[in-house]
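Residue-level structural notes
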Amino acid sequence: MNKLKHIYESQQFDQANLEKIFTLADQMRVDPTPYRTPGKILATIFYEPSTRTRLSFESAMLRLGGSVISTENAGEFSSVSKGETLEDSIKVISKYADIIALRHSEIGAAKQAAAVSPVPIINAGDGAGQHPSQAILDLYTIQRKFGEIDGLTICMVGDLRYGRTVRSLCYFIGRFYKKVKLVFVSPKICRMAWDIKEYLDEMGIAWQEETDYVKALKMSDCIYMTRVQKERFLDMARFEQATNDFCIDNSTIVHLKENAVVMHPLPRLEEINPEVDEDPRMLYFEQAGNGVWVRMALIAILLNPDI
Ligand code: CP
C-alpha cells in the first residue's frame with residue numbers, strides 16, 4: 001500500500017489505499033474513538049469559495065478531537081494580497097498546523113504546496129484540475145449504494161471540460177474499475193477534455209459521448225450531474241453558449257432505471273430541480289454527508305502513517 005504523505009491527485013492512490021479509506025470511513029461513521037487526534041490542528045486555506053469541502057474537513061477534524069484554524073477567502077484576507085507566494089504561505093502555515101487542506105484557483109497548486117510543505121497537504125480543489133477527496137467520497141457513496149462499483153454504467157453530465165470532480169473520478173475509474181462504462185453528456189463547449197479521453201483509452205475503459213440525453217439516462221446506473229461553472233469562463237459569450245440543457249426534473253426522472261442513483265458534487269443550479277429531491281434515487285445530500293466520514297479517514301491516515 002502506498003504511504004501517502006500528501007493528497008494532491010487521484011493518480012497517487014493504489015487499490016489498497018482506496019479500500020482502507022472506505023473501511024475507515026465506515027468505522028468513523030460508527031465510532032471514531034480509536035482514530036482520535038487530540039492536540040492536532042488542521043488549517044483550511046481556501047482561495048476559492050466553498051461550503052461542503054471546507055466545512056466537512058473542519059467537521060471531520062473536530063469529530064476527531066482536533067482543532068481548526070481557517071482562512072476562507074485567502075486571496076483577499078491572507079498575506080497573498082500583499083504579494084506573498086503560495087510557497088512562503090505554506091512554509092509559514094506549516095509552523096501553525098499539523099495538516100493543511102488547500103483550495104486554490106490554479107491547476108497544480110496543491111502539488112506545488114506539497115513540494116515545500118513539511119506537513120501533509122490535501123488538495124481541496126485546484127482550479128479546473130482535480131478534487132481527489134470529492135472523487136473518493138463519490139466512489140464511497142456509489143460503493144455503499146451498489147455494493148460494487150465495477151460493471152456499472154456511469155453517466156457524467158454538464159461541465160465536463162472544467163469539472164475537477166469528473167477528472168478525478170475518471171482517473172480513479174481508469175485504474176481500479178476496468179468494467180465501468182462511462183457516458184459523457186455535455187454542452188458542446190464543455191466536452192470532456194482530450195487528455196482524460198486519451199487516458200481512459202490507454203486504460204481500456206469504455207466511454208462514449210452521447211447527444212441523446214434520454215438514451216443516456218435510460219442506460220445508466222449512476223447519473224453524475226455537474227454545474228456549468230461560470231467562474232471558469234473568461235469570455236462570457238462562451239459561457240452563454242454553455243447553457244446546460246440537461247436537467248433532472250419530474251419530466252426526466254421517468255427515464256431513470258428503477259435502481260439508478262443521481263449524484264452531484266453540489267452546489268446545484270438549474271440542472272437538478274428541487275421538485276425531485278424526495279425521490280429515493282436522489283443521492284446528492286447523502287453524498288455530501290459522506291464527505292465527513294471520508295475526510296475523517298483521510299486526515300487520520302495522513303496524520304498516522306501506521307494506520
Ligand atoms: N463539492 C464541492 O466541492 O463543494 P464546495 O465548493 O461547496 O466545497
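If you look the protein chain up in an unreviewed UniProt entry, it shows as Aspartate carbamoyltransferase from SAR324 cluster bacterium. Check the Catalytic activity (unreviewed entry) section of the UniProt entry for the protein chain; it says "carbamoyl phosphate + L-aspartate = N-carbamoyl-L-aspartate + phosphate + H(+)". According to UniProt, the comment filed for the protein chain under the heading Pathway (unreviewed entry) is "Pyrimidine metabolism; UMP biosynthesis via de novo pathway; (S)-dihydroorotate from bicarbonate: step 2/3."

A closer look at empty space enclosed by the protein
Scanning all chains against the criterion turns up one cavity of 30 Å³ or more. Put simply, the largest cavity is a space of about 110 Å³. In this structure, the largest cavity is lined by Met1, Asn2, Lys3, Leu4, Asn17, Lys20, Ile21, Ile301, Pro305 and Ile307. Of the residues forming the lining of the largest cavity, the biggest block, three residues, is contributed by helix H1 (residues 15-30). Among the residues forming the lining of the largest cavity, the class breakdown is six nonpolar, two polar and two charged.

Points about the sheet that holds strand S6 (residues 181-185)
Overall, parallel pairing links the five strands, which are arranged S7-S6-S5-S8-S9 in an open sheet. Pairing within the sheet leaves two strands with one partner each, and these edge strands are strand S7 (206-209) and strand S9 (261-263). Across the sheet, the mean angle from the axis of one strand to that of its neighbour is 20°, orientation sign disregarded. Bridge count for strand S8 (residues 222-225) against S9 is three bridges, and the pairing is parallel. Each bridged residue has a counterpart across the sheet, and for Cys222 the counterpart in S9 is Val261. Taken strand by strand, helix H6 (residues 132-146) contacts strand S5 (153-157), S8 and S9, and its axis lies near 165° from that of S9.

Description of the site of the ligand
Every residue lining the ligand is accounted for by Ser50, Thr51, Arg52, Thr53, Arg103, His131, Gln134, Pro265 and Leu266. One nitrogen or oxygen atom from the main chain of Arg52 is found 3.0 Å from an oxygen atom belonging to the ligand. Between the ligand and His131, the relevant distance is 3.0 Å, taken from an oxygen atom to a side-chain nitrogen or oxygen of the residue. Within the complex, the protein chains bury 91% of what would otherwise be the 260 Å² of accessible surface of the ligand.

Section: a nonpolar patch on the surface
A cluster of nonpolar side chains, contributed by Ile69, Val92 and Tyr96, occupies part of the molecular surface with about 270 Å² of accessible area. As for its position among the elements, Ile69 is in strand S2 (residues 67-71).

Looking at the sheet that holds strand S4 (residues 121-126)
As summarised here, the arrangement of the four strands in space is S2-S1-S3-S4, forming an open sheet in which the pairing is parallel. Each end of this open sheet is capped by a strand with a single partner; those strands are S2 and S4. Ignoring which end each strand starts from, the neighbouring axes of this sheet average 15° apart. Where strand S3 (residues 99-104) lies against S4, four bridges are found, and the strand directions are parallel. Looking at S4, one finds that Ala101 is bridged to Ile122.

Criteria and thresholds
Residues numbered from 1 in each chain as written. Predicted model: local features only at pLDDT ≥ 70, side-chain atom pairs only at ≥ 80, totals over all residues. Heavy atoms only, no water. UniProt positions renumbered as here; feature names shortened; annotations may be inferred. 1 Å grid on protein atoms, 1.4 Å probe; cavity = no way out; pocket = protein on both sides within 12 Å on 5 of 7 lines; lining within 4 Å. Points joined across faces, edges and corners; volume = space filled by probe spheres on them. Helix = DSSP H or I, 4+ residues; strand = E, 2+ residues; numbered from the N terminus. Nonpolar A, V, L, I, M, F, W, Y, C, P; charged D, E, K, R; others polar. Pairing = 2+ DSSP bridges. Axes fitted to C-alpha atoms, helices over the stretch in contact; angles between N-to-C directions. Contact = heavy atoms within 4.5 Å. Near = heavy atom within 4 Å. Polar contact = N/O pair within 3.5 Å; in protein donor to acceptor, adjacent residues only side chain to side chain. Areas by Shrake-Rupley, 256 points an atom, 1.4 Å probe, with all protein chains shown as cover. Patch = residues over 30% accessible without salt bridge, like charges linked within 9 Å, V, L, I, M, F, W, Y side chains within 5 Å. Salt bridge = Lys/Arg side-chain N within 4 Å of Asp/Glu carboxyl O.

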